[in-house]
Amino acid sequence: MNKAVLLPKLSLNGIKKNSSVYVPYMLITTFSVFVFFIFSAICDNKILYDLPYAGYVMVLMQIGCVLLGIILAPILFSTHEFLVKQRKNELGLYNVLGLDQKYIGVIMCLESIFIYLVTTGLGILVATVFSKLIYLLLLNVSGLPVDTEFVGSFKSYEYTIVYFGVISLVNLGVSLWQVFITKPIELLKSNKKGEKEVRFLGFRAVMGFLILATGYYIALITELDSMIFVNFFLAVMLVIWGTRSIFKTGTIAILRWMKSKPNIYYKKKNFVTISGMLYRMKRNAQGLANICIFSTMIIITLICTLTVLTGEEGAVRFNYPMDAEYHFNVDEFDTLEKQEAFKAKVEEIAKAASSKITDYKEFTFQKVKGYKQDNAFLNVDLHGGSREDTFALRFMTLSDYNRIENKQETLEENEVLIFSKSEDFASNEVILEDETFKVKEELKSFTIEAKEERNMVDETYYIILKEQELIDTITTKFSISPEEDELYNIHFNIEGIEENKDLLIQNLNTYIDTAYGERSFGYVGQWRKETRSMHGGFIFLGIFFGIVFSVCLVQMMYYKQISEGFEDKKSFEILQQVGMSDEEVKATIKRQILIVFFLPLIFAIIHMAFGLQVVKNLLGVLNLYNDALIYACSGVVIVAFTLLYVISYLFTAKAYYKIVKRMN
């Protein structure tokens, strides 16, 4: 037969005969194309740049697209490596039967071209059909207008075609290299070849546990500071390294130790199980480590996504405990008449907008910066100091504090009250430049501000003194013109429906801009929209990455089940020959399979438990400090993921039992 006809036929027959490994590979490649194209199309949709509050979404989508490119490549490389490993026996047979290696290379090239065209074409087609629907999902979870047009771009097609073309070429090159440098007889025996014996097993096992323990330690001590992302990635790298090492050396070392103990090893159930596990772990350690790592990634991703989804209002209220706040130059409100006139105008505007003003708070403070050294705040210009040790100080009179909190506190001349938005001041005395004051009480709550010890973004101290004259004296020591930093502040809540609240703020801002000019303000409704946009982007990424990781996990488990099936196809016969009954053989192999596949789940849950401190700090970047909520979300995710893992195991186990039953 003409080679021009024979070679394409052999390539198509090879895919058809090995459909159990090729079809899953093509499906996951098609899914990868689908996801990558969706992100590329959204990032290239220029209309999003013109939407209010869409800046966060676009940045997150661009980050997500880059991360996808980084994550998908090694997944497809490792999947293709497994596929080639299953084909080596067949390719070796072709060579033995007289087919030159160059023609085998042509067959592999034709297979790669066929798979690339089918998966890329199908993935882009499905993505094109569903891209607008997914785009609307993004707009919906981000609180953006859902009537925004979706405009695709040819760059999305170009990026996708080139990216997956490069992956296909790399996979093909690696496959050709492996085949050409391997002798035909070695190709025929490649599926029987296990991993090389590990040298210095005990030492490397101990090192693996130490590396993992170091990663755990870094995760536990990591705080919400400028080094959090560095520590996070360092901990992740160490945990991944330690996990791979433990599965490759630690498990084998433990099994060998059990084998060396006669009272453990020489028992009917343990004898075969330990021996079988040793064989399985030598061959499958890397794959099990990957399953464990992906399981951990899914759990962490889902915990973060669920917490962001359910904790949005808490994050919003951390920044705005009250609905609205305005800050004016104190000269604009230097008399009681001006203050009362403004309050009356605010209530008038609220009434016109069918809303009601409640909890109206008005007060004055002077703000300066201070360099903190132990229990002293010093002039930054005179004493210098690092940026991390420079804090915002707000000095307030006792009368304003009592009016805000509706209290009757008293202070002596040398006494102060202190409130910190972050960690406690934790001292009985405070030194303000060259004057020492006794801290009568460190306040744990303040109506106009939220407190969180892990807060590293806004580290502000409120210092309440007895009289304004004392404040003027103190602030002069920190600033040449402290009166420029004296602000008149108004905070209040609003009762009414959301649309009326927005109308109130809009009309009030128009009035202030006309009557007063300069002002700064904050409104919880506006911040809620910005937060929803930012959190919506995170939720969208979390959903998609959770799906990506889950699909990859199921695919890994499926291939692992196939590997186990082909490796166990002779086990029934061998174990029966040494005198074990069918029931004993099935029970022994089932016990080994369960241990092998649920070991990654156990390690993943342990990883999550130690990594929860880092997760809490990372969520703190989004002002999510509700530990009870994080723990509750973690519990829900663990239960849900365990069910997903069990279902995935049962689903993929069908392929294993089908192979074993057929071979038996």
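Above this text is the structure in question.
Computed from a predicted structure; not experimentally measured.

*Asks:* Help me understand the overall build of the chain, please; the structure alone is not making it clear to me.
*Replies:* The helix and strand inventory of the chain stands at 20 helices and 10 strands. Per-residue burial over the chain gives 51% buried out of 664 residues. Long-range contacts, defined here as pairs at least 24 residues apart, represent 82% of the contacts in the chain between residues at least 6 apart.

*Asks:* Before we go on, may I ask you to explain a nonpolar patch on the surface in this structure?
*Replies:* Residues Tyr-217, Leu-220, Ile-221, Ile-602, Ile-606 and Phe-610 make up a contiguous nonpolar surface patch of about 550 Å² in total accessible area. Structurally, Ile-221 is set in helix 7 (residues 201-221).

*Asks:* How do you make sense of the packing of helix 7 against helix 8 (residues 228-259) when you look at a structure like this?
*Replies:* Two quantities define a packed helix pair, namely the angle between the axes and the distance from one axis to the other. The interhelical angle for the contact between helix 7 and helix 8, taken along N-to-C directions, is 150°, at an axis separation of 7 Å. One element, helix 7, and the other, helix 8, form an angle in the roughly antiparallel class. As for how helix 7 packs across helix 8, the hand of that crossing is left-handed. Considering only residue class, the contact of helix 7 with helix 8 consists of 17 nonpolar, nine polar and two charged.

*Asks:* Looking at this structure, I do not really get the packing of helix 12 (residues 336-352) against helix 16 (residues 498-515). What am I missing?
*Replies:* It is at 9 Å that the axes of helix 12 and helix 16 come closest, and there the two elements cross at 140°. In terms of orientation, helix 12 lies oblique with respect to helix 16. The way helix 12 lies across helix 16 gives a crossing that is right-handed. Counting all contacts with helix 12, which are made through Phe-342, Lys-345, Val-346, Ile-349 and Ala-350, the residues of helix 16 involved are Leu-504, Asn-507, Leu-508, Tyr-511 and Ile-512.

*Asks:* Whenever I open this one, the pairing of strand 7 (residues 435-443) confuses me. Can you help?
*Replies:* Walk down a regular strand and you will see the side chains alternate between the two sheet faces. As judged from the five bridges shared by strand 5 (residues 415-420) and strand 7, these two strands associate in the parallel manner. Bridge pairing in strand 7 places Glu-415 opposite Lys-438. The hairpin turn running from strand 6 (residues 429-432) into strand 7, its antiparallel successor, is two residues long, and Glu-433 in that turn takes a positive phi close to 60°.

*Asks:* Mind showing me how you'd approach the nonpolar core here?
*Replies:* When a protein is soluble and globular, its nonpolar side chains tend to lie buried together. Judged by nonpolar contacts, the single largest core of 79 residues is most densely connected at Phe-39, Met-61, Phe-164, Phe-247, Ile-299 and Phe-540. Discounting residues that sit within four places of it in the chain, Ile-299 has contacts with Ala-604, Met-608, Val-637, Ile-638 and Phe-641. Val-316, Ala-324, Ile-349 and Ile-512 belong to the second largest nonpolar core, which has 24 residues in total.

*Asks:* So what exactly am I meant to see when it comes to the environment of Ile-252 here?
*Replies:* As for its position among the elements, Ile-252 is in helix 8. Through-space distance from the C-alpha of Ile-252 to that of Gly-202 is 9.3 Å; in sequence the pair is 50 residues apart.

*Asks:* Please clarify how unusual backbone geometry should be interpreted in this entry.
*Replies:* Glycine aside, the phi torsion of most residues is negative, and most peptide linkages are trans. Although it is not a glycine, Ser-354 sits at a positive phi angle of roughly 55°. Positionally, Ser-354 belongs in the loop between helix 12 and strand 2 (356-373). For Ser-354, a relative accessible area of 54% translates into the label exposed. One non-glycine residue, Asn-623, lies in positive phi territory at about 65°. Position of Asn-623 among the secondary structure elements: in the loop between helix 19 (582-620) and helix 20 (627-663).

How each quantity is defined
- Residues numbered from 1 in each chain as written.
- Predicted model: local features only at pLDDT ≥ 70, side-chain atom pairs only at ≥ 80, totals over all residues.
- Heavy atoms only, no water.
- Helix = DSSP H or I, 4+ residues; strand = E, 2+ residues; numbered from the N terminus.
- Buried < 20%, exposed > 50% of the residue type's maximum accessible area, 1.4 Å probe, protein only.
- Contact = heavy atoms within 4.5 Å.
- Patch = residues over 30% accessible without salt bridge, like charges linked within 9 Å, V, L, I, M, F, W, Y side chains within 5 Å.
- Areas by Shrake-Rupley, 256 points an atom, 1.4 Å probe, with all protein chains shown as cover.
- Salt bridge = Lys/Arg side-chain N within 4 Å of Asp/Glu carboxyl O.
- Axes fitted to C-alpha atoms, helices over the stretch in contact; angles between N-to-C directions.
- Parallel < 35°, antiparallel > 145°, perpendicular 65-115°, else oblique.
- Left-handed = near helix turned anticlockwise from the far one by under 90°.
- Nonpolar A, V, L, I, M, F, W, Y, C, P; charged D, E, K, R; others polar.
- Pairing = 2+ DSSP bridges.
- Core = buried A, V, L, I, M, F, W, Y, C linked by side-chain atoms within 4.5 Å.

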